[in-house]
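# Examination of the molecular architecture
Chain residues, written in single-letter form:
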Amino acid sequence: ITGCLPEWKDKIILCKRAIEPRYGLWTLPAGFMENNETVEQAAARETWEEARANIDQLSLYAIISLPYINQVYMIFRAQLCDLTFGAGPESLEVRLFAQNEIPWVDLAFRAIHRTLTYYFQDLARGQFSVHVGEITPPFSKE
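Residues numbered from 1 in each chain as written. Predicted model: local features only at pLDDT ≥ 70, side-chain atom pairs only at ≥ 80, totals over all residues. Heavy atoms only, no water.

## Focus: the overall build of the protein chain
Check the secondary structure of the protein chain and you find two helices and eight strands. Going from N to C terminus, the protein chain has its helices and strands arranged as β-β-β-β-α-β-β-β-α-β. The buried share of the protein chain, reckoned over its 142 residues, is 46%. Long-range contacts, defined here as pairs at least 24 residues apart, represent 66% of the contacts in the protein chain between residues at least 6 apart. When the accessible area of the protein chain is evaluated, it comes to approximately 7,400 Å², of which 50% is carbon and sulfur surface. Side chains of the protein chain give 13 positive and 18 negative charges; the mean places of these two sets differ by 6 Å. (Helix = DSSP H or I, 4+ residues; strand = E, 2+ residues; numbered from the N terminus. Buried < 20%, exposed > 50% of the residue type's maximum accessible area, 1.4 Å probe, protein only. Contact = heavy atoms within 4.5 Å. Areas by Shrake-Rupley, 256 points an atom, 1.4 Å probe, with all protein chains shown as cover. Lys, Arg positive; Asp, Glu negative; His and termini not counted. Charge placed at Lys NZ, Arg CZ, Asp CG, Glu CD.)

Here it is, written out as structure tokens:
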């Protein structure tokens, strides 16, 4: 799974899912890679498909392994080029959120919760680094 954490000043884009699994819950724009694309190309494509957002300055931010479901999330930080965005066919709604607006209890996936936790910790510290981790059962409350 690859996707982006699209930033605009102190806010980020989240998408409300219009598909299963986790219909109606919030996530970063992300999805499965297609054949013949790089990880960065897939992240940008997923961001366009789900959030209709133009992005640039992609930089690897989080790699989170989920061995219990045979997945790895690779999330890139990216800058929004402008405020022209909206729901693609896999999203019900797309919004910019400040930290105090994040719908933590309505996030679709543990990997997204973990990525956002890293992000806001880094933002508060004023220094961003690449995070590598894993999520395995039994699950902690996130």
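So that's the structure; there's more coming.
## A look at unusual backbone geometry
With an omega of 0 degrees, the peptide bond running from Glu20 to Pro21 counts as cis. Examined against the element boundaries, Pro21 turns out to sit in the loop between strand E2 (11-17) and strand E3 (26-27). Of note, the amide linkage connecting Pro137 to Pro138 takes the cis form, showing an omega dihedral of -5 degrees. Looking at the element boundaries, Pro138 is found in the segment after strand E8 (131-134).

## A look at the pattern of salt bridges
Within this structure, the stated rule accounts for seven salt bridges. Through salt bridges with shared partners, one network takes in Glu34, Glu37, Arg45, Glu46 and Glu49. (Salt bridge = Lys/Arg side-chain N within 4 Å of Asp/Glu carboxyl O.)

## Remarks on the pairing of E2
Of all the seven residues making up E2, five are buried; the element is thus mostly covered by neighbouring parts of the structure. Hairpin geometry of strand E1 (residues 2-8) and E2 is characterised by an intervening segment of two residues between the two adjacent antiparallel strands and by a positive phi of about 55 degrees at Lys9. In this structure, E2 lies alongside strand E7 (residues 91-97), joined through six bridges in antiparallel fashion. Along E7, the bridge assignment pairs Arg17 with Ser91. (Pairing = 2+ DSSP bridges.)

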